[in-house]
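# Observations on the model geometry
The chain contents come next:
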Amino acid sequence: MLHLQNLLDDAKCYDEVRERRWPEGVCCPHCASPEVTRQGHDTTQPSRRKYRCTACRRYFDDLTGTIFAGHHQPLGVWIWCLYLMGLNLSNEQIGQEWGLIKMMRTA
């Protein structure tokens, strides 16, 4: 079960993703090899780890091959949006929750 307090901290979000994605240890999303080395962290999202597969020599990170790959919003934002969608909130309601949309009222 996902604990909501873990969604408030980006580092905890990445920890949660790693635990669920690789419960038995990190493996390459390209060739499935468990032979990987850590290659530091992402420069814009420090909690996001980077890796290199020693078998296929390709680089990847915690989100490679997931629906979150290639997006520039912090992972916590995406997880919260998914949570709010699970509550059956509309895109407009989610936008309001995040302060992205201001309600326009007609006089």
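## Things to note about the sheet that holds strand 2 (residues 49–53)
Note: strands within a sheet are paired through backbone hydrogen bonds, in either parallel or antiparallel orientation. If you trace the 3 strands from one edge of the open sheet to the other, you get 1-2-3, paired in antiparallel fashion. Whereas interior strands pair on both sides, the edge strands pair on one side only; in this sheet they are strand 1 (36–41) and strand 3 (59–61). Each neighbouring strand pair of the sheet contributes to a mean axis angle of 30°, computed without reference to strand direction. Judged from the 3 bridges that link them, strand 2 and strand 3 form a sheet pairing that is antiparallel. Within strand 3, the residue paired with Lys50 across the bridge is Asp61.

## Description of the nonpolar core
Core analysis: the biggest nonpolar cluster contains 7 residues, these being Cys13, Tyr14, Val17, Leu63, Phe68, Leu75 and Ile79. Residue assignment for this core shows that the elements contributing at least two residues are helix 1 (10–21) and helix 2 (75–86). In terms of residues, this core owes the most to one element, helix 1, which gives 3 residues. If you look at the next biggest cluster of nonpolar residues, it comprises 5 residues, including Trp22, Cys28, Tyr51 and Phe60.

## Quick word on the packing of helix 1 against helix 2
One way to put it is that helix 1 packs onto helix 2 with a least axis distance of 8 Å and a crossing angle of 70°. What the angle tells us is that helix 1 and helix 2 run roughly perpendicular. Counted together, Asp10, Cys13, Tyr14 and Val17 of helix 1 and Leu75, Gly76 and Ile79 of helix 2 form the full contact between these two elements. In terms of residue class, the contact of helix 1 with helix 2 is made up of 5 nonpolar, 1 polar and 1 charged.

## Thoughts on the side chain of Asp61
Among the structural elements, Asp61 can be located in strand 3. You can call Asp61 buried: its relative accessible area is 13%. At 3.1 Å, the side chain of Asp61 and the side chain of Arg48 are in polar contact. Leaving out residues up to four positions away in the same chain, Asp61 has contacts with Arg21, Trp22, Arg48, Arg49, Lys50 and Tyr51.

## With respect to a nonpolar patch on the surface
Taken together, the side chains of Ile67, Leu82 and Met85 make up a nonpolar region of the molecular surface, amounting to roughly 310 Å² of accessible area. By the secondary structure assignment, Met85 is in helix 2. Overall, the relative accessible area of 46% leaves Met85 in the partly exposed class.

Analysis parameters
- All residue numbers refer to positions counted from 1 along the written sequence of the respective chain.
- Totals for whole chains, interfaces and linings use every residue, but because this is a predicted model, local features are given only for residues with pLDDT of at least 70 and side-chain atom pairs only at 80 or more, for both listing and counting.
- Excluded from the side-chain calculations are hydrogens and water; all other atoms, namely the structure's heavy atoms, are used.
- By this definition, two strands are paired if DSSP reports at least two bridges between them.
- Secondary structure elements are defined from DSSP: runs of H or I of at least 4 residues count as helices, runs of E of at least 2 residues count as strands, and each element is numbered from the N terminus.
- Angular values range over 0 to 180 degrees, each being the angle between N-to-C directions of two axes fitted as lines to C-alpha atoms, with helices fitted over their stretch in contact.
- The term nonpolar core refers to a set of buried residues drawn from Ala, Val, Leu, Ile, Met, Phe, Trp, Tyr and Cys, joined through side-chain atoms within 4.5 Å.
- Burial status follows relative accessibility: with a 1.4 Å probe on protein chains alone, a residue under 20% of its type maximum counts as buried, one over 50% as exposed, and anything between as partly exposed.
- Orientation labels follow simple angle bins: below 35 degrees gives roughly parallel, above 145 gives roughly antiparallel, 65 to 115 gives roughly perpendicular, and whatever is left gives oblique.
- Note on contacts: a residue pair qualifies if any of its non-hydrogen atoms lie within 4.5 Å across the two residues.
- Residue polarity follows a fixed list, in which Ala, Val, Leu, Ile, Met, Phe, Trp, Tyr, Cys and Pro are nonpolar, Asp, Glu, Lys and Arg are charged, and the others, Gly among them, are polar.
- Contacts described as polar in this section are N or O atom pairs within 3.5 Å, which, within protein, must combine one atom able to donate a hydrogen with one able to accept it, while residues neighboring in sequence count only if both atoms come from side chains.
- Patch membership requires more than 30% relative accessible area and the absence of a salt bridge. Residues of like charge join within 9 Å; the nonpolar side chains Val, Leu, Ile, Met, Phe, Trp and Tyr join within 5 Å.
- To be clear on the numbers: accessible area is Shrake-Rupley with a 1.4 Å probe, and residue cover counts the displayed protein chains and nothing else.
- Should a side-chain nitrogen of Lys or Arg be within 4 Å of a carboxyl oxygen of Asp or Glu, the pair is scored as a salt bridge.

From the geometry alone we can't say anything about function, so treat these as descriptive.
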